[in-house]
Structures are given as structure tokens and as C-alpha cells.
Amino acid sequence: MTTPDIVTLQKDMRACEICAGLPLGPKPLFKIDAAARILIAGQAPGRLTHEKGVPFDDPSGDRLRTWLGVSRETFYDDPRLAILPMGFCFPGTGKNGDLPPRPECAPQWRKPALAAMQDIGLTVVIGRHAMDWHFPDRKRETLTHVVQSWRDVWPRHIVLPHPSPRNNVWFKRNPWFEVDVLPELQSRVSAVLRG
């Protein structure tokens, strides 16, 4: 497989209007680079990040950066860290919060974007929708079970719950996550970025 021209790919991805009917319109948010070593595979931007035009520029992003053990500058400015959500645009809001990522986005863009980043050493898979795409054979398992069995896909992948404040109850019920998983994640992120 030939590696796509990442500059052209970025331009095409930013111009995408496959979801032109979204409530706030299309505004693709992602960060890819041929030098990427760590991939953040998220769900879809929330309303706040859509308005700001910056992925994970919200309380969820603050928590995620703490989990990874990286500064805001590293998260946004280091080309070795890529952000590729399942849906690039804010999908709208339902009665229980943000709607799921639009289904058109991943089939259109995910494979070419991943092919353009040949040196990914760690993929951080965040939330159910990203988990189902990256690990389709585990769709019948709960997210909690997959997070608990993180060593099954370690050290190339890790599945995390969404860092949203909406999940604070989950974090309180699962203290092992902070004690057992996060130190290993931070160590791995540091090692991959050291290269």
C-alpha cells in the first residue's frame, strides 16, 4: 500500500462536508501528521470543542492530558501525537447528551488517515464507538470489561472510558483504573514519545 500524501489528505479532510446536514454544520476537527507516534482515537467533538475549533479543548481534554501525563503544548503542538476521532464534526445533542459520531465519517477517512501515519506505537482508544471500530470482535463485551482487560492489547493499544465529567460515577466505582491503568499508560506515553 502506498502512503497517501498527508498534506493533500489533511486538506481533503478539512474540506469534508459529508455531514452537511448537522445542526451546527460541518467543522472537521482532527490532528494528523506523518511523524505521529501516538494516536488518540476518540468519539466526536462536543459542542464546546466545535465552537472553539480545537479538539479536546474542554474538561474532558484536561482529564485526558492528565491521564496521558502530557502538557497542553505537547498535546497540541507535538507532531508525534495525533488526534483522529471516529467522527470529525459535532453530531448534535440528544436527550442523554451528545449524539454518537456520524457513521459516514470513519468509512470515508479512517483508513487513509491511518495509512498516512506509519509509525504509530500506541493507539489510545477512547469510548465505546472507537472501541467497536478498533476491536470489532469485542463488541459484545462491556466497555468496563475491555478497559479492565487492558493488558490483552497492550502495549500497542489501550481502551479507555471517555474522560467526560459525565463519567465521574464510573471513575468512583472503578478506582482500580486510576491505580492500575493510568501509571502504566503514562509510562508508555513517555517511552513512545522518547522514541
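Residues numbered from 1 in each chain as written. Predicted model: local features only at pLDDT ≥ 70, side-chain atom pairs only at ≥ 80, totals over all residues. Heavy atoms only, no water.

Asks: Honestly, the overall build of the protein chain in this entry has me stumped. Any pointers?
Replies: Broken down by element type, the protein chain carries nine helices and six strands. Relative to its length of 195 residues, the protein chain is compact, with a C-alpha radius of gyration of 16 Å against a globular reference of 16 Å. By its C-alpha atoms, the protein chain is 45 × 40 × 35 Å across when sized along the principal axes. When the 195 residues of the protein chain are sorted by exposure, 50% land in the buried category. (Helix = DSSP H or I, 4+ residues; strand = E, 2+ residues; numbered from the N terminus. Rg over C-alpha atoms; globule rule 2.2 N^0.38 Å. Buried < 20%, exposed > 50% of the residue type's maximum accessible area, 1.4 Å probe, protein only.)

Asks: I would appreciate a short explanation of the nonpolar core in the present structure.
Replies: Nonpolar side chains in soluble globular proteins tend to end up buried together. Formed by 38 residues in total, the largest nonpolar core has its most connected members in I38, I40, L68, F75, V124, F177 and L185. Among the elements that line this core, the one with the most residues is helix α9 (residues 176-194), at eight residues. Once you skip the residues sitting within four places of it in the chain, F75 turns out to touch K31, I40, P55, F56, L64, R65, L68, V70, L81 and I83. In terms of nonpolar packing, the next biggest core, distinct from the first, is built from 20 residues, C19, A36, F88 and C105 among them. (Core = buried A, V, L, I, M, F, W, Y, C linked by side-chain atoms within 4.5 Å. Contact = heavy atoms within 4.5 Å.)

Asks: Please explain the pairing of strand β5 (residues 122-126) as it appears in this structure.
Replies: The buried count for β5 comes to five of five residues, which makes it a mostly enclosed element. Alternating residues of β5 divide into L122, V124 and I126 and T123 and V125, and every residue in both groups is buried. Here strand β1 (residues 38-41) pairs with β5 via four bridges, running parallel. The residue of β5 that forms the bridge with I38 is L122. Here β5 runs beside strand β6 (residues 157-160); their pairing, made up of four bridges, is parallel. Residue pairing in the sheet places V124 in a bridge with I158 of β6. (Pairing = 2+ DSSP bridges.)

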